[in-house]
Amino acid sequence: MEAGTLRVKRTGKLGVFFYLISTLSSAIGQKGDGCGHTVLGPESGTFASINYPQTYPNNTVCEWEIRVQPSQRIIFRFGDFDIEDSTSCHLSYLRLYNGIGPSRSEIDKYCGLGIQWDKVIETESNEATVQFMSGTHVSGRGFLASYSTSNESDLITCLDKGSHFTEPEFSKYCPAGCLTPFGDISGTIPHGYRDSSLLCMAGVHAGVVSNFLGGRINVVMSKGIPYYESTLANNVSSKLGPLSASLFTFKTNGCYGTLGMESGVIGDSQINASSVLQWHDPSGQFHVWGPEKARLKKPGSPWAAFHTDEPQWLQIDLKKEKKITGIITTGSTLGEYSFYVSAYRILSRHDGQDWKVYKEANSDLDMIFQGNSNNYQEVRNNFIPPILARYIQINPVQWHQKAALKVELLGCQPFQPSLARAPPQSLPPVLSTEIPPRFDATTFTAEIKNNSVTPKVTKDVALAAVLVPVLVMVLTTLILVLVCGWHWRNRKKPVAGPYNLPYWDRAGWWKGMKQFLPAKNAEPDDASVRYSSSEMNRLRARNASTMIQTEPAEYAQPLVAGVTGTLRQGSTFKPEEDSEAGYSDPDGNGHYDALVSEIYHAYAEPLPVSSPEYATPIIMEISGHTTGTMGSAAASTFKSVGGTGPSMAGSLSTLLPKPEAASSGQVGYDTPKGTVVPMPAEELGYQVPISVPQIPAASDAE
C-alpha cells in the first residue's frame, strides 16, 4: 500500500471522511462492514467495533491498516474488550498483525467476555493490521482500542475517567478520536470537571488537545464543588453535574486570555462588517446594530448583518500580530430577537497578504466551527494549532433568522526569542583600540569571583540564619516557663476562716446576712434583750464578775441592741435597727423592760443548715448582785423541752411577755435541748450591753 492511498470498501460519510484524511504522511485505512467509531490520526487514533457499546451484529468483518513514521513503532491499548468466545476464537475474535499486506505476521488472536487489559501491545515495525471477525453469537459489546507511537508509552484510552487515577497530578497521552458518541462529561474551565468525566473528552472540551490529532494532557486533581455547569465547546457538550468528592482541571501554557473585545481595548474603529442591520420599530424608533456592538457580555443589541446571503462577515483588526488560540460567540442575547449564527468559518491574514481560511488538521478541508444553538448561550471553539495573524474575519455559514454575533477572541502575544539570550561573542583581543591596562581592568573577572560568597560561607550563613531564631525562641520559652513556675510557687493562698462558706454557698449566705445589717428608717424586727435604767444602775454597782456561761460551741451569741461589732458568721440574731424602740416595766420589779407595742419571739431564729440547731446563749456580766440573790441558778437561762428550768432569785422578766403575764415579773427563761450543766455561782453573771447609756452610780442612790 503506497503512501497517500486508502483502501475503503464502506460508503457514506465515514468513507468520505477517511478519504479526506488520506493525504496524511502515514498510511492509514479501514475496510469491511464491521467497523464502528473510527478516527485514525498520523500519530494516534481510536477505533471500535460496530454498534459499540451495544451488541455487535453477527457475521461482520472489519480490517484497519495503520502506518506511522518509519522510525516509530505502534503500541495498542484496549479500553474495553467483550467478544464472545463460545467457539474458542474460531468465529468471533480480534487478531493483530505486524505489517500490512500478504507479508504481515500474526501477533496474537484475542477473544473473551469482559477482559480487562492492563498492558499495551507493541508491534515490531511502524505498520500494523487489526482484524475483527464476528460469527453467530448471543452477547458481546465488541471492543474499543487506541493506538499511538511507541514514544508515548503513557497512552490512555477514550474511556479512562478522572476517578481512575489517585495521583494529585499526572500527565497522560490522549489519542485522537476521543470525541465519541458514548460517554459524557460535566463541568467546564476554569472551574473544573467532575471526576466521573472522561479525561480525553474533557481535554477536547477544554481545548488542550485536538480530536483529530490527540495530545498530552497535564491533569491536576482537587476537591470537588457542589455544582458543575453545562457548556458547549469544540463540538462537545458538557452536562450539568451534582456534587462530587473531587474534580480535575488541566494545566495549560496560559495563552487563553481575552484580547480586548469585552474590555474595550479593541476600539470601535478596529471592528468592521460587511453590512449593518437597520430598521424602524412600530413605535418609530430607529435601530442600528453596527459592528461596534459585537462585544461579548455587553448589554444591548449585537452586530447583525442586513443581508442574508453567505458572504457576510465581521472583521477585527488587532493592530499587530497576535497568537489567537480561541473564540467565544453568542447570539443577540435579547429575548425578543432570536438571532444567532450556528456555523461559521475563520479567516486570517497579515499585513499585505491574502485571507487564509483555517483548515482542519493535516487536511485541505475548510474547518467549519459549530456555533450557537440559541441566542443567549456562549460557545467556545479553540484553534489547534493557534492562528498567528493581525486580522481575523468571521464568516457566518448558517444562522437563525439573522446573522447576529457577539464575540471575544482568546490568545496572547506571540513568543519572540530575545536577542539577549543568544550566546555572547568574544571580542578579538588583537583588534582592541583601548589602552591595554584599562582593557584588562574592565574585563578581568578574578576579583569579582573572589568577592562572591563561597559555597562554604553560604552554608554557614544559611545555618546561622536558621539556628539563631530557633535558639532565641527556645530560650524565651524556657525563661517564660521558669517565671511562671516561680509565680505559681509563691502565689498567695487564700486564708480560710473558721466561718468561711464554700463558694457555691456565698450567694445564699449574703442574702442571709443582709437581714442582720442595719437599715435606715426601718422598724426594729429583732428580739434583742433590753434593760431598764434601774437595772443598769444595779448592775454597775456590783463588783462581782460572775458570768453565766453555757457551752459556746453549740450556740451563737446574740446581738445586743446597738452593738453591731459583735456580729459573727453563723449568728442567728438580727441586729438592732432602731435604738429608739420603747420599753416599759409593767410591775416595776422586773430587771428588764418588756416591749409594749410589739411582740417579739421568745427564741432565737434558727441557724443555717451547717450551724448548730440552737443559738448561743446570752453571755452577760452582772455586777451589783449578791450571791444570795442568784440562789441556785442553773447554767442556762433557756427552758428545756418538756420541762421547766430552775427558778432564779433575781426574778428575770420574760423576753416576750404575754399581755396577761406582763405584771408577773417572775417568769423563767427557756433552756436548750440537752443536759443542763450546773455552773458555780461566782461565774454567773450578765454582760452589760454596750449600746445602753451608762448612768453614774449616784443615780442609784437617788
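Analysis parameters
- Residues numbered from 1 in each chain as written.
- Predicted model: local features only at pLDDT ≥ 70, side-chain atom pairs only at ≥ 80, totals over all residues.
- Heavy atoms only, no water.
- Helix = DSSP H or I, 4+ residues; strand = E, 2+ residues; numbered from the N terminus.
- Buried < 20%, exposed > 50% of the residue type's maximum accessible area, 1.4 Å probe, protein only.
- Contact = heavy atoms within 4.5 Å.
- Areas by Shrake-Rupley, 256 points an atom, 1.4 Å probe, with all protein chains shown as cover.
- Pairing = 2+ DSSP bridges.
- pLDDT = per-residue confidence, 0-100.
- Patch = residues over 30% accessible without salt bridge, like charges linked within 9 Å, V, L, I, M, F, W, Y side chains within 5 Å.
- Salt bridge = Lys/Arg side-chain N within 4 Å of Asp/Glu carboxyl O.
- Disulfide = S-S within 2.5 Å.

Student: Explanation requested: the overall build of the chain in the structure shown.
Tutor: Of regular secondary structure, the chain possesses nine helices and 32 strands. Split into buried and exposed, the 702 residues of the chain put 43% on the buried side. Long-range pairs, those at least 24 residues apart, make up 76% of the contacts in the chain with a sequence separation of at least 6. As displayed, the chain has an accessible area near 38,500 Å², and 56% of this comes from carbon and sulfur atoms.

Student: How do you make sense of the pairing of strand E28 (residues 404-412) when you look at a structure like this?
Tutor: The side chains of a regular strand alternate between both faces of the sheet. With eight of nine residues buried, E28 lies mostly within the body of the structure. Across two bridges, the pairing between strand E18 (residues 257-258) and E28 is antiparallel. In the strand pairing of E28, Thr258 is matched with Leu410. Of the strand pairs in this sheet, strand E22 (residues 303-304) and E28 are connected by two bridges, and their pairing is antiparallel. The residue of E28 that forms the bridge with Trp303 is Leu405. Inspection of the sheet shows strand E23 (residues 314-330) paired to E28 by seven bridges, in the antiparallel sense.

Student: Mind showing me how you'd approach the pairing of strand E5 (residues 74-82) here?
Tutor: E5 sits mainly inside the fold: eight of its nine residues count as buried. Pairing between E5 and strand E10 (residues 142-149): eight bridges, direction antiparallel. Bridge pairing in E10 links Phe81 to Phe143. Relative to strand E8 (residues 121-122), E5 runs antiparallel, the two sharing two bridges. Bridge pairing links Phe76 to Ile121 in E8.

Student: Teacher, can you tell me more about the confidence of the model for the chain here?
Tutor: Interpreting fine coordinate detail is not advised for predicted regions of low pLDDT. Overall, the prediction assigns the chain a mean pLDDT of 73, with 59% of residues at 70 or greater. Residue range residues 621-669 is modelled with pLDDT below 50. Its contacts to residues more than four positions away, or to other chains, number 122 contacts.

Student: I keep staring at a nonpolar patch on the surface and nothing clicks. Help me out?
Tutor: Taken together, the side chains of Leu463, Leu467 and Leu471 define a hydrophobic patch exposed on the protein surface, amounting to about 290 Å² of accessible area. The topology assignment puts Leu471 in helix H5 (residues 455-489). Residue Leu471 is classed as exposed on the basis of its relative accessible area, which comes to 54%.

Student: Honestly, the pattern of salt bridges in this entry has me stumped. Any pointers?
Tutor: Between side chains of opposite charge, pairing is possible as soon as their charged atoms come close. If you walk through the whole model with that rule in mind, you get 16 salt bridges. Ionic pairing is found between Lys239 and Asp184, a salt bridge with its closest N-O pair at 3.4 Å. Separated by 55 residues along the polypeptide, Lys239 in the loop between strand E16 (236-237) and strand E17 (246-250) and Asp184 in the loop between strand E11 (169-174) and strand E12 (187-188) bring together distant segments of the chain. Classification of Asp184 as partly exposed rests on a relative accessible area of 35%. Each of Lys31, Glu63 and Arg104 takes part in one network of salt bridges that share partners.

Student: Even after reading the chapter, I still don't get the sheet that holds E17, so can you show me in this structure?
Tutor: By definition, the strands of a sheet pair up through backbone hydrogen bonds, in either a parallel or an antiparallel sense. What the five strands build is an open sheet, ordered E11-E14-E17-E13-E12; its pairing is antiparallel. At either end of the open sheet lies a strand with only one pairing partner, and these are E11 and E12. Alignment of E12 against strand E13 (residues 192-194), held across two bridges, turns out to be antiparallel. Within the sheet, the bridge partner assigned to Thr188 lies in E13 and is Gly192.

Student: I would appreciate a short explanation of the state of the cysteines in the present structure.
Tutor: Throughout this description, disulfide means a covalent bond between two cysteine sulfur atoms. Going through the model one piece at a time under the given rule, you end up with five disulfides. Disulfide pairing places Cys35 opposite Cys62 at an S-S distance of 1.5 Å. Disulfide Cys35-Cys62: the torsion about the S-S bond is 90 degrees, which places it as right-handed. Separated by 27 residues along the polypeptide, Cys35 in strand E2 (residues 35-40) and Cys62 in strand E4 (residues 60-67) bring together distant segments of the chain. Judged on exposure class, the residue Cys35 and its partner Cys62 are both buried.

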